[in-house]
Amino acid sequence: MLRGPFSEETALSLKGNSRGVRPAHGESIIFVNRYFYPDHSATSQILSDLAFHLAASGRSVRVLTSRQRYDDPSAELPEVEARNGVLITRLATTRFGRSRLVGRAFDYLSFYQAARRSVLAYANPGDVVVAKTDPPLLGAAILGATRRRGVRLVNWLQDIYPEVAVELGVPLVKGPIAQSLMRARDMSLRSAEANIVVGEGMAEVLLARGVRQERIHVICNWCDDEEIRPVPGNENPLRREWLLEDRFVVGYSGNLGRGHEFDTALSAAECLRGDPRIVFLFIGGGHKLDELKRHVSERNLGHLFRFMQYQDTDALKHSLAVPDVHWFSLKPELEGLMVPSKFYGIAAAGRAMIAVTSEDGELARLIRLHRCGEVIAPGNAEQFAAALRRFSVHGEELQRMGLRARRMLEAHFSRNQALRRWQLLFEALSS
């Protein structure tokens, strides 16, 4: 049986599995990820939360990151900065951005090289290096450097590569190349002190790859559920500012990337083109955003769609509460390889959700268990449209779903719970 969220019990078991050099007093925790504060992407916000929390608790924390923002490769953030007790070292890398795969590959390679050099320069025996998965396979890229410095590696997997790339048909990442990448990745997983995944399905994938069960731990992602709380529509300034007070708002918030699909929602909008009450609100960006906008224009659905940019962190409490219902998607072939983090923000805002994904997927099971939304198989636009018609008329049903979503979050997925599990992990590694 797989371990669930990191707990006192799993901490005790991990203490008996620590290998290598024992940390000296005052050991450092070094996080490695391409994006960090003040970047607003989900992976950056989660990492920033954890790093600042650990520093506030007295830990020595350094972050090795890039000088860019997720949606602005030309940004020039300071090379060195101290923020909330965290020492931030921003590495020089190429700046081709995310729009083209070839340019993104060069950005990845330059970050791998800079990260290896920085681990060798800054890590000391006994430190813990936590490698996230932006860029993918980061743990494999810095494994040699962590071994040379006598530090312990923790992989924090937001998704599982190269399997994600294989499923999405990314050019070159297939056949012998994919197998070679998997072997390198598996070596880093088996060598790591711990591997943190954000869903039970991901834990099952690692176990099937031969990673020892005691080195696999589930710590789900989170949001700032103290700041993001249910806000009634008539008290939401953004709803007034965006002229949505009299509309039934179907929201999508965050990144629309290669792992997501929008055809089902778009076709549902076509079914509803004559309904003046309903509007689809998109807040965010991503690889597929321009494609979605093009399809909206080609199908003459512009009157049903509104597009807004990413909102600053301090505006999330209002932007997430603008929609009456949220939708998100995950391609069924990616179940077990990633978990949409927007799930937690939607629940914190006390909003019902429509999940366009595998009907037996991890989040689908949670939505059914807690009765906080509806699950729709990709391609079933008629069911999507029917759900929106029903929700737009029966607001009390939607409100009950939203309340249950918030209760689910508070019981199982709060930020304090997740941060406590991370603290237990580092305490176990330090013993």
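Residues numbered from 1 in each chain as written. Predicted model: local features only at pLDDT ≥ 70, side-chain atom pairs only at ≥ 80, totals over all residues. Heavy atoms only, no water.

K.L.:
Hey, could you run me through the sheet that holds strand β14 (residues 373-376) in this one?
P.N.:
For sheets, the rule is that strands pair by backbone hydrogen bonds, running either parallel or antiparallel. With parallel pairing, the six strands of this open sheet are ordered in space as β11-β10-β9-β12-β13-β14. The open sheet is flanked by β11 (305-308) and β14, the only strands paired with a single partner. Sheet twist, expressed as the average angle between the axes of neighbouring strands with direction ignored, equals 20 degrees. Of the strand pairs in this sheet, strand β12 (residues 325-329) and strand β13 (residues 352-356) are connected by five bridges, and their pairing is parallel. Across the sheet, the residue bridging to valine 325 is alanine 352, located in β13. (Pairing = 2+ DSSP bridges. Helix = DSSP H or I, 4+ residues; strand = E, 2+ residues; numbered from the N terminus. Axes fitted to C-alpha atoms, helices over the stretch in contact; angles between N-to-C directions.)

K.L.:
Is there a simple way to think about the environment of serine 48 in this case?
P.N.:
Its place among the elements puts serine 48 in helix α2 (residues 42-56). Judged by its relative accessible area of 6%, serine 48 is buried. A C-alpha to C-alpha distance of 22 Å links serine 48 and glutamate 193, two positions 145 residues apart in sequence. Beyond its immediate stretch of four places on either side in the chain, serine 48 contacts Phe36 and Tyr37. (Buried < 20%, exposed > 50% of the residue type's maximum accessible area, 1.4 Å probe, protein only. Contact = heavy atoms within 4.5 Å.)

K.L.:
What exactly am I supposed to notice about helix α4 (residues 138-149) here?
P.N.:
Taking 1.5 Å as the rise per residue, α4 with 12 residues should run 16 Å; its terminal C-alpha atoms sit 17 Å apart, in good agreement. Every buried residue of α4 is listed here: Leu138, Gly139, Ala141, Ile142, Leu143, Ala145 and Thr146. One or two steps after α4, the chain reaches glycine 150, where phi turns positive at roughly 70 degrees. (Expected span 1.5 Å × (residues − 1).)

K.L.:
Could you clarify how one ought to interpret a nonpolar patch on the surface in this entry?
P.N.:
Nonpolar side chains collect at one region of the surface, where Phe96, Val102, Phe106 and Leu109 lie side by side and expose about 440 Å² of accessible area between them. By relative accessible area, leucine 109 is classed as exposed at 52%. (Patch = residues over 30% accessible without salt bridge, like charges linked within 9 Å, V, L, I, M, F, W, Y side chains within 5 Å. Areas by Shrake-Rupley, 256 points an atom, 1.4 Å probe, with all protein chains shown as cover. Salt bridge = Lys/Arg side-chain N within 4 Å of Asp/Glu carboxyl O.)

K.L.:
Help me understand the packing of α4 against helix α6 (residues 175-191) in this model?
P.N.:
A packed helix pair is summarised by two numbers, namely the angle formed by the two axes and the spacing between the axes. The interhelical angle for the contact between α4 and α6, taken along N-to-C directions, is 50 degrees, at an axis separation of 8 Å. One element, α4, and the other, α6, form an angle in the oblique class. Of the two possible hands of crossing, α4 and α6 adopt the one that is left-handed. Contact with α4, carried on its side by Gly139, Ala140, Leu143 and Arg147, involves Ala184, Arg185, Met187, Ser188 and Ser191 of α6 and no other residues of that element. Its residues assigned to classes, the contact of α4 with α6 shows four nonpolar, three polar and two charged. (Parallel < 35°, antiparallel > 145°, perpendicular 65-115°, else oblique. Left-handed = near helix turned anticlockwise from the far one by under 90°. Nonpolar A, V, L, I, M, F, W, Y, C, P; charged D, E, K, R; others polar.)

K.L.:
How should I be thinking about the nonpolar core in this particular structure?
P.N.:
Soluble, globular proteins show a tendency: their nonpolar side chains are buried together. Counting 69 residues, the largest nonpolar core has Phe31, Trp156, Phe343 and Trp422 as the members making the most contacts within it. Here the element with the most residues in this core is α2; it accounts for seven residues. (Core = buried A, V, L, I, M, F, W, Y, C linked by side-chain atoms within 4.5 Å.)

K.L.:
Which parts of the structure should I look at to understand the packing of helix α14 (residues 381-393) against helix α15 (residues 395-412)?
P.N.:
Axis separation between α14 and α15 bottoms out at 5 Å; the angle between their running directions is 100 degrees. In terms of axis orientation, α14 runs roughly perpendicular to α15. Where α14 approaches α15, its residues Arg390, Phe391 and Val393 are matched on the opposing element by Gly395, Glu397, Leu398 and Met401. Taken together, the residues of the contact of α14 with α15 break down into four nonpolar, one polar and two charged.

K.L.:
Could you clarify how one ought to interpret helix α7 (residues 200-208) in this entry?
P.N.:
Count 3.6 residues to each turn of an α-helix, and residues three or four apart come out pointing the same way. By the burial criterion, the buried members of α7 are Gly201, Met202, Ala203 and Leu206. Packing partners of the buried residues in α7 comprise β6 (152-157), α6, β7 (194-197), β8 (216-218) and α13 (362-370).

K.L.:
Would you mind showing me how to read unusual backbone geometry here?
P.N.:
Note the cis peptide between tyrosine 37 and proline 38, where omega equals 10 degrees. Here the amide bond leading from aspartate 134 into proline 135 is cis, since omega sits at 5 degrees, within 30 degrees of zero. Structurally, the position occupied by proline 135 is in the loop between β5 (128-131) and α4. We note that leucine 137 has phi near 65 degrees; this positive angle belongs to a residue other than glycine. Turning to its location among the elements, leucine 137 is positioned in the loop between β5 and α4. Residue arginine 371 is not a glycine yet carries a positive backbone phi of 50 degrees. The residue arginine 371 is located in the loop between α13 and β14 in this model.

K.L.:
What is the right way to look at the sheet that holds β7 in this model?
P.N.:
Spatial strand order, β3-β4-β2-β1-β5-β6-β7-β8: eight strands in an open sheet with mixed pairing. Of all the strands in the sheet, the pair left with one neighbour each is β3 (80-83) and β8. On average, adjacent strands in this sheet sit at an angle of 20 degrees to one another, irrespective of strand direction. Strand direction decides the pairing type here: β6 and β7, joined by four bridges, are parallel.

K.L.:
What's the story with the packing of aromatic side chains in this structure? I'm lost.
P.N.:
Here the distance between the centres and the angle between the planes together describe a pair of aromatic rings. Taken as a whole, this structure holds 19 aromatic pairs when the rule is applied. Their ring planes at 55 degrees and their centres at 4.6 Å tell us that tryptophan 156 and tryptophan 422 sit as a pair that is tilted. Of the two residues, tryptophan 156 is situated in strand β6 and tryptophan 422 in helix α16 (residues 415-430); the sequence distance between them amounts to 266 residues. Taken individually, tryptophan 156 and tryptophan 422 each receive the classification buried, so the pair is uniform in this respect. By the ring-pair criterion, three or more aromatic residues cluster together here, those being Tyr252, Phe280, Phe282, Phe305, Phe307, Trp327 and Phe384. Looking at lysine 132, its charged tip hangs above the ring of tryptophan 156, at a distance of 4.2 Å from the centre. (Phe/Tyr/Trp six-rings, centres within 6.5 Å; stacked < 30°, edge-to-face > 60°. Lys NZ or Arg CZ within 6 Å of the ring centre and 35° of its normal.)

K.L.:
Is there a simple way to explain the pairing of β13 in this structure?
P.N.:
Side-chain positions along a regular strand alternate between the two faces of the sheet. Counting buried residues along β13, five of its five residues qualify, which places the element largely inside the surrounding structure. Across the two faces of β13 the burial is the same, with Ala352, Ile354 and Val356 and Met353 and Ala355 all buried. Since β12 and β13 lie parallel, the crossover through helix α12 (residues 342-348) that links them has a hand, and here it is right-handed. Relative to β14, β13 is paired through four bridges, and the arrangement is parallel. (Right-handed = clockwise from strand over helix to strand, strands pointing away.)

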